Amino acid sequence: MGETRAKIGTWLGFLLILVWCLLPVVWIISLSFKGPTETAAGSPQFLPKEPTLQNYSDIIDNPDFKDSLINSFGIAAISTFLSVILATLAAYAIARLDFKGKRLVLSIALAIAMFPVVALVGPLFDLWRTLGLFNTWPGLIIPYMSFTLPLAIWTLSAFFREIPWEMEQAAQVDGATSWQAFRKVIVPLAAPGVFTAAILTFFFAWNEFVLALSLTSTTQARTVPAQLSFFVGPDPFNPPYGQLATASVVVTVPIIVIVLLFQRKIVAGLTSGAVKG
Amino acid sequence: MSRLAAIDMKNIVKEYGDGFLAVNDVSIDVQDGEFMILVGPSGCGKSTLLRMIVGLEDITGGEMMIGDKLVNDLAPRDRNLAMVFQNYALYPHLTVYENIAFPLRLAHVPDAEIDRKVRDASKTLELDEHLDRKPGNLSGGQRQRVAMGRAIVREADAFLFDEPLSNLDAKLRGQMRTEITRLQKRLGITTVYVTHDQTEAMTLGDRVAVLKRGVLQQLATPRELYENPCNLFVAGFIGSPPMNFLPATVEGNTVKLPFGAVDVPPERAEKAAGKGLLMAGIRPENFEDASVRTDKGGGSTFRAEVDVVEWLGNETYAYIPYEAPPEVEAQLRQLERDLDGETMHTQLVVSLDGSSRIKAGEDAEIWVDGRKVQLFDPASGDNLTVDLDNAGRIPVHGTQQAAQSGAAG
């Protein structure tokens, strides 16, 4: 009796949370299938009356959107790649070596992560213009890396610390150089950590808005979140809600796909069986 | 395999940054093809010594020779040794096959040869049906065998084992012990084996090196260690149940013990004459139920109240408590600490024949074999009655060290 009640309660809770989280998403998806007349109506209904794919074909044909999508992918991918490589090496050194100033490095990394992004916009804007980095890919990749590295280093060094040192010593006795031991044993074992760090970095770069808006001037380097703010349409009192919703759906899909892909890789307990159970 | 792979340690020292001497002036010569055991309680430096042989730990002083090559400054991968770690250290992301093949892949051995060698090893170790599984899905014994497979596939100059059986349950440990002996005899490869378990030390080793706090105490065959321990520490460490230590004084040819006097051979009594209060070491099996023992020659009988009796079928352990004088008790407690033991009741453990009918609480008549009584100097811990011709090698500094710690304790 009490058991069934608990079960019902659990499912009610699930349902509540699902509705709470998914309602806006469903609303955006629904919007993306509505024509301009429907979105302009005073009290639009939830589901589209006449579903249309017009918004999708429009947005794909929009060269600005296409360019910013390419920018988003390129910048996020490059920042993730570089950030993860640097973080892996740094985290390994922090986890394994005893060197002076180890705590200092970690504390500074954490301090950088706490820095408010907005406070940096002004100085960076001036600096980037002087250096010729304004409105370029590196101009965004560099700040994205510096903001994601600390978190990646902290995540990865925690993972490296979990890997028994014997693994590496066994590899060395088996004839591996330090580099081979790192590449063939430690990195594969830290894979869940590497993927976690990669996802976090990619999300940050993909979703970032303030820097993307301030440090770019054209679609040469502007990413999708910033570009969306320029989708105002011809009539300032009647923004193209359908188009905006469609663009949002298009940029959200890759994120969902990536999470689902990597989710399998983030399996806890990959190291189980390395040492006695 | 006629490679000469003797391991010669000469005055090896390991000093840590804080000045702690983990290994202090240890010299051990492991002959080609010999099975050498390093044994001692935790913190005696045996694992550190092993890790210095394989190259995972820097050597502070002394010379480490493998074959005729000085290896002090060689990286582990240049020493061509195979090691089995205490927790196996298998690579969890690789299959059993790839785990065993790992050293060969690093050496760029051709695939066909790798396959042949891995299958050879897996056949020897009966791992054939597990080759495609990951270590995480194997039992402790199977993981242990994979770790051994990774070692034997190498054709290394020597095997090093770091307490390989300590994570297995008792039954499996016994089986694996036999397997390791069989494998080592068949491959005829030089082996150094670290353990804290005196049974493993006794059963596996050609020779055994007993270490205490980084100092080599005695290097001898198991039989020599058992029959001629050089000091209280070795005597207490080797043998299970451990040797009994009793306060004793020698008068003529008799040794006076808390329970009564025991006649000992004149040559033994002579060595211990005029030294005041001594420690007599008598192994449990040198006692017997006087009613069971038919030939009472060479020994004496005494009466004592038995506290607890443990009947095991083939034999019976009887426990007889006694009061020890304070100066001996302090020495016994120190010894127990050195041996990693719990607080010791001053009690006598005697091993009687299984047919003995002695019951707990009974006043029993016990026979003791006087020919087997060893006499120790309680201050230095040295065995006064040691037969030096049959005691292997006893380093001089080892006894000095014992003397110091004895005086301190």
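Residues numbered from 1 in each chain as written. Chains lettered and ligands numbered in written order. Predicted model: local features only at pLDDT ≥ 70, side-chain atom pairs only at ≥ 80, totals over all residues. Heavy atoms only, no water.

J.: Help me out: how do you make sense of the domain arrangement of chain B in this one?
T.: Interfaces are often sized by the accessible area lost when the parts come together. All names here are of chain B. As far as domains go, chain B holds domain 1 (7-224) and domain 2 (231-386). Each of domain 1 and domain 2 has a C-alpha centre, and these two points are 37 Å apart. Counting residues at the interface gives 13 residues for domain 1, matched by 11 residues for domain 2. Approximately 1,000 Å² of surface area, both sides summed, lies buried where domain 1 meets domain 2, with 63% of it carried by carbon and sulfur atoms. Counting across the domain 1 and domain 2 interface gives 2 salt bridges. The partner of Asp338 in a salt bridge is Arg213, with the nearest N and O atoms 2.5 Å apart. At the boundary of domain 1 and domain 2, one finds 3 residue pairs in polar contact (both at pLDDT 80 or more). (Domains from an automatic or database assignment. Contact = heavy atoms within 4.5 Å. Buried area = accessible area lost by both parts, 1.4 Å probe. Salt bridge = Lys/Arg side-chain N within 4 Å of Asp/Glu carboxyl O. Polar contact = N/O pair within 3.5 Å; in protein donor to acceptor, adjacent residues only side chain to side chain.)

J.: Even after reading the chapter, I still don't get the sheet that holds strand E19 (residues 347-353) of chain B, so can you show me in this structure?
T.: Consider a sheet: its strands pair through backbone hydrogen bonds, and that pairing is either parallel or antiparallel. Residue and element names in this part refer to chain B. A sheet is described by the order of its strands in space; here 3 strands give the open sequence E17-E18-E19, paired in antiparallel fashion. Strands with a single pairing partner mark the edges of an open sheet, and in this sheet they are strand E17 (308-311) and E19. Each adjacent strand pair in this sheet contributes to an overall mean axis angle of 20°, direction not counted. With 4 bridges joining them, E17 and strand E18 (residues 315-321) adopt antiparallel strand pairing. Counted as the bridge partner of Trp311 is Thr316 from E18. (Pairing = 2+ DSSP bridges. Helix = DSSP H or I, 4+ residues; strand = E, 2+ residues; numbered from the N terminus. Axes fitted to C-alpha atoms, helices over the stretch in contact; angles between N-to-C directions.)

J.: Please explain the packing of aromatic side chains as it appears in this structure.
T.: To describe a pair of aromatic rings, one takes the distance between the centres and the angle between the planes. All names here are of chain B. For the structure shown, the criterion picks out 22 aromatic pairs over all chains. Where Phe161 meets Tyr193, the ring centres are 5.5 Å apart and the plane angle is 40°; that geometry is what we call tilted. On the criterion of sequence distance, the pair formed by Phe161 in strand E7 (residues 158-162) and Tyr193 in strand E8 (residues 190-195) is long-range, its members being 32 residues apart. Note on Tyr193: relative accessible area 0%, which makes it buried. (Phe/Tyr/Trp six-rings, centres within 6.5 Å; stacked < 30°, edge-to-face > 60°. Buried < 20%, exposed > 50% of the residue type's maximum accessible area, 1.4 Å probe, protein only.)

J.: I would appreciate a short explanation of the side chain of Thr136 of chain A in the present structure.
T.: Residue and element names in this part refer to chain A. Structurally, Thr136 is set in the loop between helix H6 (117-131) and helix H7 (137-162). Exposure remark for Thr136: the relative accessible area of 19% places this residue in the buried category. For Thr136, the side chain forms a polar contact with the main-chain oxygen of Leu133, separated by 2.6 Å.

J.: Quick question: what am I supposed to make of the sheet that holds E7 of chain B here?
T.: Residues and elements named next belong to chain B. An order of E6-E7-E8-E3-E9-E10 is seen for the 6 strands of this open sheet, with the pairing classed as mixed. Lying at the two open borders of the sheet, with one neighbouring strand each, are strand E6 (81-84) and strand E10 (215-220). For this sheet, the mean angle separating the axes of adjacent strands, direction not counted, is 15°. Relative to E10, strand E9 (residues 207-212) runs antiparallel, the two sharing 5 bridges. Bridge pairing in E10 places Leu211 opposite Leu216.

J.: How should the pairing of strand E1 (residues 7-15) of chain B be read in this particular structure?
T.: Across 5 bridges, E1 of chain B lies against strand E4 (residues 61-66) of chain B in antiparallel orientation. Pairing of Ile7 of chain B across the sheet is with Ile66 of chain B, part of E4 of chain B.

J.: I'm lost on unusual backbone geometry in this one. Help?
T.: All names here are of chain B. Following Ser240, the chain continues into Pro241 via a peptide bond in cis, with omega recorded as -5°. Note that Pro241 resides in the loop between helix H8 (232-237) and strand E11 (244-251). At Tyr88, a residue that is not glycine, the phi angle is positive and equals roughly 75°. On the accessibility criterion, Tyr88 (1% relative accessible area) is buried.

J.: Please clarify how a nonpolar patch on the surface should be interpreted in this entry.
T.: On the surface, a nonpolar cluster with roughly 960 Å² of combined accessible area is contributed by Leu15, Leu18, Val19, Leu22, Leu23, Val25, Val26, Trp27, Ile29, Phe46 and Leu47 of chain A. Structurally, the position occupied by Val26 of chain A is in helix H1 (residues 2-32). (Patch = residues over 30% accessible without salt bridge, like charges linked within 9 Å, V, L, I, M, F, W, Y side chains within 5 Å. Areas by Shrake-Rupley, 256 points an atom, 1.4 Å probe, with all protein chains shown as cover.)

J.: Any chance you could explain H7 of chain A here in plain terms?
T.: Given 3.6 residues per turn, any residue in an α-helix points the same way as the ones three and four places further on. Taking 1.5 Å per residue, 26 residues should reach 38 Å; H7 of chain A reaches 36 Å between its end C-alpha atoms and fits that length. In H7 of chain A, a bend of some 35° at Thr148 of chain A exceeds every other bend along the element, and Pro150 of chain A, a proline, comes one to four places later. (Expected span 1.5 Å × (residues − 1). Bend = angle between axes of the 7 residues up to and from the residue.)

J.: Whenever I open this one, the UniProt feature "transmembrane region" (unreviewed entry) in chain A confuses me. Can you help?
T.: Residue and element names in this part refer to chain A. Within this structure's numbering, the places UniProt gives as "transmembrane region" (unreviewed entry) are residues 12-33, 73-92, 104-125, 137-160, 185-206 and 241-262. Between the C-alpha atoms that bound residues 73-92 the distance is 28 Å, and the span itself is 100% helix and 0% strand. The span residues 104-125 is 91% helix and 0% strand, and its two end C-alpha atoms sit 29 Å from each other. (UniProt positions renumbered as here; feature names shortened; annotations may be inferred.)

J.: Would you explain the interface of chain B and chain A in this entry?
T.: Facing 25 residues of chain B, the contacting portion of chain A comprises 24 residues. Together, the buried faces of chain B and chain A total about 2,100 Å²; carbon and sulfur atoms form 62% of this surface. Looking at the side of chain B facing chain A, the largest losses of area belong to Arg77, His93 and Leu106 of chain B, adding up to 26% of the total buried there. The interface formed by chain B and chain A includes 2 salt bridges. Here Asp174 of chain A and Arg154 of chain B are joined by a salt bridge, their closest N and O atoms 3.7 Å apart. Counting across the chain B and chain A interface gives 7 residue pairs in polar contact (both at pLDDT 80 or more). Among the elements of the structure, helix H1 (46-54), E6, helix H2 (96-106) and helix H4 (140-152) of chain B are those that each provide at least two residues to the side of chain B that touches chain A. For the side of chain B that touches chain A, the per-class residue count stands at 16 nonpolar, 4 polar and 5 charged. (Nonpolar A, V, L, I, M, F, W, Y, C, P; charged D, E, K, R; others polar.)

J.: Is there a simple way to think about the packing of H7 of chain A against helix H10 (residues 191-207) of chain A in this case?
T.: For any two helices packed against each other, the geometry comes down to the angle between their axes and how far apart the axes lie. Residues and elements named next belong to chain A. Taken N-terminus to C-terminus, the directions of H7 and H10 make an angle of 160°; their axes are 9 Å apart at the nearest point. Considered as vectors, H7 and H10 are oriented roughly antiparallel to each other. Handedness of the crossing formed by H7 with H10: right-handed. From H7, Tyr144, Phe147, Thr148, Leu151, Ala152, Thr155, Leu156 and Phe159 reach across to H10, where they touch Pro192, Gly193, Val194, Thr196, Ala197, Leu200, Thr201, Phe204 and Ala205. Of the residues assigned to the contact of H7 with H10, the class counts are 12 nonpolar, 5 polar and no charged. (Parallel < 35°, antiparallel > 145°, perpendicular 65-115°, else oblique. Left-handed = near helix turned anticlockwise from the far one by under 90°.)

J.: Mind showing me how you'd approach the packing of H6 of chain A against H7 of chain A here?
T.: Residue and element names in this part refer to chain A. Close contact between H6 and H7 brings their axes to 12 Å; oriented N to C, the two are set at 145°. With respect to the hand of their crossing, H6 and H7 are arranged in right-handed fashion. Across from Val117, Leu120, Leu124 and Trp128 in H6, the residues of H7 making contact are Gly139, Ile142, Pro143 and Phe147. Among the residues forming the contact of H6 with H7, the class breakdown is 7 nonpolar, 1 polar and no charged.

J.: How do you make sense of the pattern of salt bridges when you look at a structure like this?
T.: Working definition: two side chains of opposite charge can pair if their charged atoms are close together. Tallied over the entire structure, the rule returns 25 salt bridges over all chains. The partner of Arg96 of chain A in a salt bridge is Glu168 of chain A, with the nearest N and O atoms 2.7 Å apart. One end of the pair, Arg96 of chain A, is in helix H4 (residues 63-96); the other, Glu168 of chain A, is in helix H8 (residues 165-173), with 72 residues separating them in the sequence. Exposure class is identical for Arg96 of chain A and Glu168 of chain A. Each is buried. Between Arg105 of chain B and Asp111 of chain B there is a salt bridge, with the nearest N and O atoms lying 3.3 Å from each other. Asp111 of chain B gets classed as exposed once you look at its relative accessible area, which sits at 56%. One network of salt bridges, with partners in common, ties together Asp174 of chain A together with Arg150 and Arg154 of chain B.

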